[in-house]
Amino acid sequence: MSATLVPDLISEAQTTEEQFLRHIFVRDQMAEWSKSPLVMARADGVFYWDVTGKRYLDALSGIYVVSVGHNNRRILDALRRQLERLCFSPPMHGTNPVAVQLANLLAELAPGDLSTVKFQCGGAEVTEAAIKLARQYHRLTGHPGKYKVISRYLSWHGSTLGALSASGLKSRKTVNEPLAPGFVHVFPPTCYRCPFGKEYPRCDMTCATLIGQVIEMEDPDTVAALMVEPIGHTGGIIDPPPEYLPLLRDICDRYNILLIFDEIITGIGRTGQLFAAETFGVTPDVLCTAKGLSGGYAPLSAMICTKSIADVFWGPIATNPGFVEGHTFEGNPLSCAVGIEVLREILERDLCSNARRQGEVLRAGFERLAKKYGVIGDIRGKGLLQGIEFVRNPATKEPFPTETAFGVRVGRRALANGLLCRFDPHWVAFGPPLIVTTEQLEEMLAVLDRSLGETLDELSS
Ligand SMILES: Cc1ncc(COP(=O)(O)O)c(C=O)c1O
């Protein structure tokens, strides 16, 4: 081919044809996915349309990203203004005004003393940055032997090797082993199926107190950080009892270990406050957030640490290299301009209140489905991050056989019926945009209702 000849693009309609999909990897298993490929063409508010023109209710904000809805004019205008001004600033030599403005805005809004920000593009980049920050912090404060990271089974902190090593999902880890050394895993607070066979509240919070014992066994002088999602997502919306995160805070303080909250999903209003740290009343040393921060209008993530940690990196150059971490697209002006406008939109429209209000509507809807079908054992989550666990028998908590993949069947039916939600063999979750109305949420619940009924009919026939 001549170097100057650009091949014609295939048409939008052709993008569902297998011969053209042979040139792209998506997140799903390609051979299976390409039998009925979902290729989205446009979106508005809480709706998507695929390239065939079919409409979908977005009960998942894409993947917990589209916080202020699709096609939000205010965000598009801010992006357009920034496009005309500065699209990229040299990251090795400095930053740009919107990055500094957004950092200051986040410093105002984040709880407690969380006030210094490192911007990146995705979640994994900031969970990894938090791990590196913890190790470098201990090194600079005279504890170079503190390097281990404790995190939880069933967790997800991202797909890069460090974040993956911290994650606790065997389905995504085993195929990539060996992973990085220095990561220790503990059980999460899955109260509905307590790994210690106990029942809340008569459980002495073993899942939390055991972390202290694990630290003792590992040697506290080797442990740098404890990283948790305030509400675990991939394990099926693991919503801890109120005592859990305060206990983790105490343990970290006792052993000089940094508490890192992965708020990639839970941040930016999703649980009914700007950060889940506020929902649970616990301030971490480092808070990572992403997804909803840009609402999907540009890639953006942020790692926010306390002033006392940031100050450690502020010493004279002869003895202090600063925070050694960086990526080419960090603090991108387009992303930061979007981040500022998304936060304004959330605050000015008080979308955190809407998340709390609609969260109650969602909970009531899930409870109705539990009564109607008798196959929902537990409803978990807060605000607009809630899920349901399917069981064959709610009285005994007997799950559906794994090979039935009940939740996947429901989720796929929902998709066929025009509803996007998160699904897994044993659970389904909703995380709609924070702008969702009661009417729209009821429409989403009605499609889930129909999909659940059809799945049970299919299994009984
Ligand atoms: C809790 C949590 N942390 C981290 C990540 C990684 O984010 P990203 O995929 O943007 O790297 C995700 C992604 O889904 C997540 O849900």
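Above this text is the structure in question.
For clarity, every value in this text was computed on a predicted model and none was experimentally measured.

**Overview of the overall build of the protein**
Across its full length, the protein carries 16 helices and 15 strands. Against the globule reference of 23 Å for 461 residues, the protein gives a C-alpha radius of gyration of 23 Å, in line with a compact fold. Across its three principal axes, the protein shows a C-alpha extent of roughly 70 × 70 × 45 Å. The buried share of the protein, reckoned over its 461 residues, is 55%. If you take every contact in the protein between residues at least 6 apart in sequence, the share linking residues at least 24 apart comes to 70%. Total accessible area computed for the protein in this model is approximately 21,000 Å², and 55% of it derives from carbon and sulfur atoms. With 46 positive and 52 negative side-chain charges, the protein shows a separation of 1 Å between the mean positions of the two kinds.

**A closer look at the packing of helix H5 (residues 97-109) against helix H13 (residues 333-348)**
Close contact between H5 and H13 brings their axes to 8 Å; oriented N to C, the two are set at 35°. Crossing hand, H5 versus H13: left-handed. Between H5, through Val98, Ala99, Gln101, Leu102, Leu105, Leu106 and Leu109, and H13, the contact on the second element is made entirely by Pro333, Cys336, Ala337, Gly339, Ile340, Leu343 and Leu347.

**Structural notes on the nonpolar core**
With 108 residues, the main nonpolar core has Leu106, Phe119, Phe390, Leu419 and Phe430 as its most contacted residues. The two domains that each donate at least three residues to this core are domain 1 (38-71 + 350-460) and domain 2 (73-348). Beyond its immediate chain neighbours, meaning those up to four positions away, Phe390 contacts Val375, Ile376, Phe400, Phe406, Gly407, Val410, His426, Trp427, Val428 and Leu452. Within the second largest apolar cluster, 25 residues are counted, among which are Leu133, Ala225, Met227 and Met303.

**Some points on the side chain of His138**
Take His138: it is sitting in helix H6 (residues 123-140). Leaving out residues up to four positions away in the same chain, His138 has contacts with His143, Pro144, Lys146, Val223, Ala224, Asn256 and Leu258.

**What to know about the sheet that holds strand E5 (residues 148-152)**
Spatially, seven strands are ordered E4-E10-E9-E8-E7-E5-E6 in an open sheet, and the strand pairing comes out mixed. With partners counted over all chains shown, the strands left at the sheet margins are strand E4 (114-120) and strand E6 (183-186), one partner each. On average, each strand axis in the sheet is inclined to that of its neighbour by 20°, with strand direction left out of account. Direction of pairing for E5 relative to strand E7 (residues 223-228): parallel, over a ladder of three bridges. Directly across from Val149, in E7, lies its bridge partner Ala225. Contacting E4, E5, E6, E7, strand E8 (258-263), strand E9 (286-289) and strand E10 (301-306), H6 crosses the sheet at an angle of about 25° to E10. Packed on one face of the sheet, helix H10 (residues 244-254) meets E5, E7 and E8 and runs near 145° to E8.

**Section: the pattern of salt bridges**
By the definition in use, this model includes 25 salt bridges. Measuring nitrogen to oxygen at the nearest pair gives 3.0 Å for the salt bridge that ties Lys372 to Asp449. Of this pair, Lys372 sits in helix H14 (residues 351-373) while Asp449 sits in helix H16 (residues 438-460); the two residues are 77 residues apart in sequence, bridging distant segments of the chain. Residue classification places Asp449 among the buried positions, given a relative accessible area of 18%. Via salt bridges that share partners, Arg74, Glu341, Arg344, Glu345, Glu348 and Arg349 belong to a single interconnected network.

Cut-offs applied
- Per-chain numbering applies: the sequence of each chain, read as written, is numbered from 1 onward.
- Totals for whole chains, interfaces and linings use every residue, but because this is a predicted model, local features are given only for residues with pLDDT of at least 70 and side-chain atom pairs only at 80 or more, for both listing and counting.
- Side-chain measures were taken over the full set of non-hydrogen atoms in the model, leaving aside hydrogen atoms and water.
- The helix count covers DSSP runs of H or I at least four residues long, the strand count covers runs of E at least two residues long, and both are numbered beginning at the N terminus.
- The size measure is the radius of gyration over C-alpha atoms, and the globule rule it meets is 2.2 Å times the number of residues to the 0.38 power.
- Only protein chains enter the accessibility calculation, which uses a 1.4 Å probe; a residue whose area is less than 20% of its type maximum is buried, one above 50% is exposed, and one in between is partly exposed.
- The contact rule is simple, with two residues in contact once any of their heavy atoms fall within 4.5 Å.
- Each accessible area value is a Shrake-Rupley result obtained with a 1.4 Å probe; residue values ignore everything except the protein chains displayed when judging cover.
- When charges are counted, Lys and Arg are positive and Asp and Glu negative, with His and the chain ends excluded.
- Note on charges: their place is set at NZ of Lys, CZ of Arg, CG of Asp or CD of Glu.
- Angles shown run from 0 to 180 degrees and are taken between the N-to-C directions of axes, each axis being a line fitted to C-alpha atoms and, for helices, limited to the stretch in contact.
- Working rule for handedness: look at the near helix, and if it is turned counterclockwise from the far one by less than a right angle, call the crossing left-handed; if clockwise, right-handed.
- Among buried residues, those of type Ala, Val, Leu, Ile, Met, Phe, Trp, Tyr and Cys that are joined through side-chain atoms within 4.5 Å constitute a nonpolar core.
- Domain delimitation in this document rests on an assignment produced automatically or drawn from a domain database.
- At least two DSSP bridges between two strands are required for those strands to pair.
- Salt bridges are identified by distance alone: a Lys or Arg side-chain nitrogen within 4 Å of an Asp or Glu carboxyl oxygen.

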